[in-house]
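Structure assessment
As a plain string of letters, each chain reads:
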Amino acid sequence: MWKLSLTVLVLFLMTQNVSAMKLLQDSTTSCSIKWTRFFSEDTPTKTGDWETLNGLRRKYPGEICEKPIAIDARLVDGRPATVSGNNVIMSPTYGLLCLNAKQGKGEGVHCMDFKVRFLCVN
């Protein structure tokens, strides 16, 4: 966990398109940012791999902050998500979605199994 000055945190949040107005109301606010643990909602199905924020919150209540500011994805075996070659949609407000139909044509072209974590401000 990192301790940040209010100025550094506000600048970081602005680069992430996150409103910092609430933090600016009290200049003595002390905040920390930290990553959650990694979560995997399911294994890939016929349609793809779904690691949605809403689904993860239902499966792991109380473990993900209200407004994540960033998301990180990896394959469940720990390798970087980029090695999958999969076309994924990913955002801190939605989670991760990998659709088999968007992976190209051919036999055996499918989504790999992903896990995600979220960056939270406390």
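What comes next concerns the included structure. (Residues numbered from 1 in each chain as written. Predicted model: local features only at pLDDT ≥ 70, side-chain atom pairs only at ≥ 80, totals over all residues. Heavy atoms only, no water.)

Counting its secondary structure elements, the chain contains three helices and seven strands. Reading the chain from its N end, one meets helices and strands in the order β-α-α-β-β-α-β-β-β-β. A burial count over the chain gives 39% of its 122 residues as buried. Considering only contacts in the chain between residues 6 or more positions apart, those separated by 24 or more positions represent 65%. About 7700 Å² of surface is accessible on the chain, with carbon and sulfur atoms providing 56% of the total. (Helix = DSSP H or I, 4+ residues; strand = E, 2+ residues; numbered from the N terminus. Buried < 20%, exposed > 50% of the residue type's maximum accessible area, 1.4 Å probe, protein only. Contact = heavy atoms within 4.5 Å. Areas by Shrake-Rupley, 256 points an atom, 1.4 Å probe, with all protein chains shown as cover.)

Let us look at the packing of aromatic side chains. A full pass over the atoms with the stated rule returns one aromatic pair. The aromatic ring of Tyr60 is capped on one face by Arg37, whose charged end is 4.9 Å from the ring centroid. The cationic tip of Arg117 hangs over the ring face of Trp35; the distance from NZ or CZ to the ring centre is 4.5 Å. (Phe/Tyr/Trp six-rings, centres within 6.5 Å; stacked < 30°, edge-to-face > 60°. Lys NZ or Arg CZ within 6 Å of the ring centre and 35° of its normal.)

Spatially, the three strands line up as an open sheet ordered β3-β6-β5, and their pairing is antiparallel. Two strands in the sheet have a free side with no partner beyond their single neighbour: β3 (48–52) and β5 (88–91). Each neighbouring strand pair of the sheet contributes to a mean axis angle of 10 degrees, computed without reference to strand direction. Two elements, β5 and strand β6 (residues 95–99), share four bridges in a ladder whose sense is antiparallel. Each bridged residue has a counterpart across the sheet, and for Val88 the counterpart in β6 is Cys98. (Pairing = 2+ DSSP bridges. Axes fitted to C-alpha atoms, helices over the stretch in contact; angles between N-to-C directions.)

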